[in-house]
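Descriptive structure summary
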Amino acid sequence: MKLSIGGPLKMIFRPWVEGLENVPAEGPAILASNHLSFSDSFFLPAVLDRKVTFIAKAEYFTTPGVKGRLTAAFFKGVGQLPVDRSGARGAGEAAIKSGIEVLKNGELFGIYPEGTRSPDGRLYRGKPGGLARVALATGAPVIPVAMIDTEKVQPPGQVMPQMVRPGIRIGKPLDFSRYHGMEHDRFVLRAVTDEVMYEIMRLSGQEYVDIYATAAKRQIADAAKAEKEAGKAALARAAGEQGEKDKSQT
């Protein structure tokens, strides 16, 4: 997949990279990145010599038929790990277990602390569960990563990419060994997550918003719905007023 996808990506989009020396040549490490585009999971592994394992919903791997098998082969090939979201606590616990297993095997584990793509290019509050718990349970270093301009390559909802040169800035590893054994302390989890998010903000130059991206998406959706309903109401009023005007003229 690095040859069939990574090679053309690098040749066509020519992503610039800073800080490659901060990714260890071997051994476990967590790559904690901001999340601007679906293509983030392709550009980051493409510029690294090592395999990066991300998590993906299990449905990508279990769809029946030829298309389903091809989809599963593709996601396995690009280093995606299926996560069953049907458990009592959903994807959170499954992601944590998957991340710990990857790191125990001495591999690189990629995670997006925001939990979802940014709806507007800003950096949102990191979720304290997955990243911090995996880091503290394994002792693996956390390497902050800033994806830059990938949202311009493939804006949300757009299938065909645009010819924009994205960037990747990789920070120095963060050591959280001082918190070893405290992965169930919510204040420690919050502190670890906030420290990582601060480094991502510093690397990316993004404006930081102290709410979760999922909440921001709900606000945006609610605002769009309210605007749509207001537009419908305005049209209805205009139609009513025109009807009254026509009646009076008659």
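Structure first, text after, so check above.
Below or above, wherever it landed, is the structure these notes cover. (Residues numbered from 1 in each chain as written. Predicted model: local features only at pLDDT ≥ 70, side-chain atom pairs only at ≥ 80, totals over all residues. Heavy atoms only, no water.)

Let's talk about the overall build of the protein chain
Summing up its helical and strand segments, the protein chain has nine helices and nine strands in all. With the C-alpha coordinates of the protein chain rotated into their principal frame, the extents come out at 85 × 45 × 40 Å. Sequence separation of at least 24 residues holds for 78% of the intrachain contacts in the protein chain that already meet a minimum separation of 6. Counting only carbon and sulfur atoms, one obtains 56% of the accessible surface of the protein chain, whose full area is about 13800 Å². Of the side chains in the protein chain, 34 bear a positive and 28 a negative charge, and the two mean positions are spaced by 5 Å. (Helix = DSSP H or I, 4+ residues; strand = E, 2+ residues; numbered from the N terminus. Contact = heavy atoms within 4.5 Å. Areas by Shrake-Rupley, 256 points an atom, 1.4 Å probe, with all protein chains shown as cover. Lys, Arg positive; Asp, Glu negative; His and termini not counted. Charge placed at Lys NZ, Arg CZ, Asp CG, Glu CD.)

Some words on the pairing of strand E2 (residues 29-33)
Counted residue by residue, E2 has five buried out of five residues, so it is predominantly covered. Because side chains alternate across E2, one face comprises the buried residues Ala29, Leu31 and Ser33, and the other comprises Ile30 and Ala32, equally buried. Here E2 runs beside strand E5 (residues 108-111); their pairing, made up of four bridges, is parallel. Residue pairing for E5: Ala32 is matched across the bridge by Ile111. (Buried < 20%, exposed > 50% of the residue type's maximum accessible area, 1.4 Å probe, protein only. Pairing = 2+ DSSP bridges.)

Considering unusual backbone geometry
Despite not being glycine, Arg14 shows a phi value in the positive range, around 45°. Among the secondary structure elements, Arg14 is positioned in the loop between helix H1 (2-13) and strand E1 (16-18). Phi is positive for Asp149, close to 70°, though the residue is something other than glycine. Tracing the backbone through its elements, the reader meets Asp149 in the loop between strand E7 (142-148) and helix H7 (150-153).

Focus on the environment of Glu21
With respect to the helices and strands, the residue Glu21 is situated in the loop between E1 and E2. When the C-alpha positions of Glu21 and Ile170 are compared, they lie 8.5 Å apart, and in sequence the two are 149 residues distant.

Brief notes about the environment of Ile12
Structurally, Ile12 can be placed in helix H1. Relative accessible area serves as the criterion here: at 43%, Ile12 is assigned to the partly exposed category.

Comments concerning the environment of Leu48
Locating Leu48 in the fold gives a position in the loop between helix H2 (40-46) and strand E3 (52-57). Each C-alpha atom, one on Leu48 and one on Ser118, is 24 Å from the other, the two residues being 70 residues apart in sequence.

Brief notes about the side chain of Arg50
Relative to the helices and strands, Arg50 resides in the loop between H2 and E3. For the buried Arg50, no salt bridge is present, and the opposite-charge side chain at shortest range is Glu107, 7.5 Å distant. Engagement of the side chain of Arg50 in a polar contact is seen with the backbone oxygen of Pro24, the distance being 2.9 Å. Of note is the side chain of Arg50, whose polar atom sits 2.9 Å from the backbone oxygen of Gly27. Sequence-distant contacts of Arg50, defined by excluding residues within four places in its chain, comprise Lys2, Pro24, Ala25, Glu26, Gly27, Gly106, Glu107 and Leu108. (Salt bridge = Lys/Arg side-chain N within 4 Å of Asp/Glu carboxyl O. Polar contact = N/O pair within 3.5 Å; in protein donor to acceptor, adjacent residues only side chain to side chain.)

A short note on helix H8 (residues 186-204)
Between its terminal C-alpha atoms H8 stretches 27 Å, which fits the 27 Å expected from 19 residues at 1.5 Å a residue. Along H8, the residues classified as buried are Val188, Leu189, Arg190, Val192, Thr193, Val196, Met197, Glu199, Ile200, Leu203 and Ser204. With a side-chain oxygen lying 2.9 Å from the backbone nitrogen of Phe187, the N-terminal cap of H8 falls on Asp185. (Expected span 1.5 Å × (residues − 1).)

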